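Structure assessment
So you can see what is in the structure, the chains are spelled out below.
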Amino acid sequence: MKHTHVAHHNMRSIPQRINSCFLLTVYSWIALSTCHVVDRFSVGQNESFTVRCTIQKFRTEDYPGSPYVVTLAAERRPTWEENFQLMAKYSPFAPLEEYKKVTNLTYRRNWNFQFLNGDSFDNRDKIRIVIVVNDGNYKDAGLYRCYYVDPLNRKIYSDNFFLRAYAQGRIVNMGSIGPGDSFIVQCDRNKFQRPGLPKSPLMEDLMVERKIDGSDAYTTMARFRPFLDKIPNRRVTV
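The chain has the name Ig-like domain-containing protein in an unreviewed UniProt entry, where Biomphalaria pfeifferi is given as its organism.

What follows concerns the pairing of strand 7 (residues 71-78). Burial of strand 7 is extensive: seven of the eight residues sit out of reach of the surface. Hairpin connection of strand 7 to strand 8 (residues 85-90): six residues between the antiparallel strands.

Along the chain, Ile171 falls in the loop between strand 14 (161-165) and strand 15 (182-187). Residue Ile171 is classed as partly exposed on the basis of its relative accessible area of 37%. A C-alpha to C-alpha distance of 5.2 Å links Ile171 and Gln186, two positions 15 residues apart in sequence.

Before going further, it helps to spend a moment on unusual backbone geometry. Here Arg108, not a glycine, exhibits a phi torsion of approximately 65°, which is positive. Turning to its location among the elements, Arg108 is positioned in the loop between strand 9 (101-103) and strand 10 (111-116).

Turning our eyes to something else, we now look at the packing of aromatic side chains. Per the counting criterion, the structure on display carries nine aromatic pairs. Ring geometry for Tyr68 versus Phe93: centroids 5.8 Å apart, planes at 85°, classification edge-to-face. Placement of Tyr68 in the loop between strand 6 (47-54) and strand 7 and of Phe93 in the loop between strand 8 and strand 9 is noted, with a sequence separation of 25 residues between them. Overall, the relative accessible area of 30% leaves Phe93 in the partly exposed class. Their ring planes at 55° and their centres at 6.2 Å tell us that Trp111 and Phe113 sit as a pair that is tilted. Assessed through its relative accessible area of 22%, Phe113 is described here as partly exposed. Ring-pair connections join several aromatic residues into one group, and the members of that group are Tyr68, Phe93 and Phe121. Between Lys155 and the ring centre of Tyr147, over which it is positioned, the NZ or CZ distance is 4.5 Å.

Reading guide: rules and limits
- Residues numbered from 1 in each chain as written.
- Predicted model: local features only at pLDDT ≥ 70, side-chain atom pairs only at ≥ 80, totals over all residues.
- Heavy atoms only, no water.
- Buried < 20%, exposed > 50% of the residue type's maximum accessible area, 1.4 Å probe, protein only.
- Helix = DSSP H or I, 4+ residues; strand = E, 2+ residues; numbered from the N terminus.
- Pairing = 2+ DSSP bridges.
- Phe/Tyr/Trp six-rings, centres within 6.5 Å; stacked < 30°, edge-to-face > 60°.
- Lys NZ or Arg CZ within 6 Å of the ring centre and 35° of its normal.

Here it is as structure tokens:
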């Protein structure tokens with residue numbers, strides 16, 4: 001799995017008290033692909049979404065050097081699974097027809113598959129897999145990614161894309177970011193699942209943490225303790 005590379009780390013965060021929550025507007029230069037594998041950020045019951053794998057979904061430095069790829073594939077790891085699962089694989093030069101277009105359709109699911117523009121030795125910029133999930137639900141939330149295999153049999157992965165369950169709400173308002181993009185981190189009561197909701201109507205301490213891909217532990221971004229006696233310590237940013 002690919003690690004996130006941080007190009008610059010000059011981040012500014014501005015906490016504000018808005019309707020019993022606070023917002024962090026973050027200006028970041030994290031080098032992530034802006035081409036999403038999935039066409040939406042969250043999914044709910046009976047909602048459709050589309051998964052697309054093309055070479056454009058990969059980082060520029062990971063583009064294949066040859067004019068063609070041997071295999072292109074789409075994978076996902078639902079939040080309730082430990083490992084990635086194959087969704088579809090396109091190997092246009094496979095010796096047997098049954099191995100050229102492989103699908104992994106879950107029982108009684110309504111998915112449409114398209115395998116396009118792979119049958120040439122200059123397919124690099126044209127080959128694609130399109131999967132339309134017509135019966136999306138909360139269990140489809142999780143990580144999605146693509147990979148390709150080049151003529152030297154090297155397997156290269158795209159960045160993971162996190163498709164959230166709509167009912168849970170999003171802490172971050174974007175699924176991925178590129179250089180210079182801004183995004184919002186919002187923490188409030190609605191971001192917690194029901195078993196973890198506070199029983200009291202009073203919240204004395206609210207904190208935002210993050211763990212950058214490749215790091216061993218979470219670090220605090222901001223903390224809000226509205227009832228502290230010392231005003232300077234009520235709002236803390238890191």
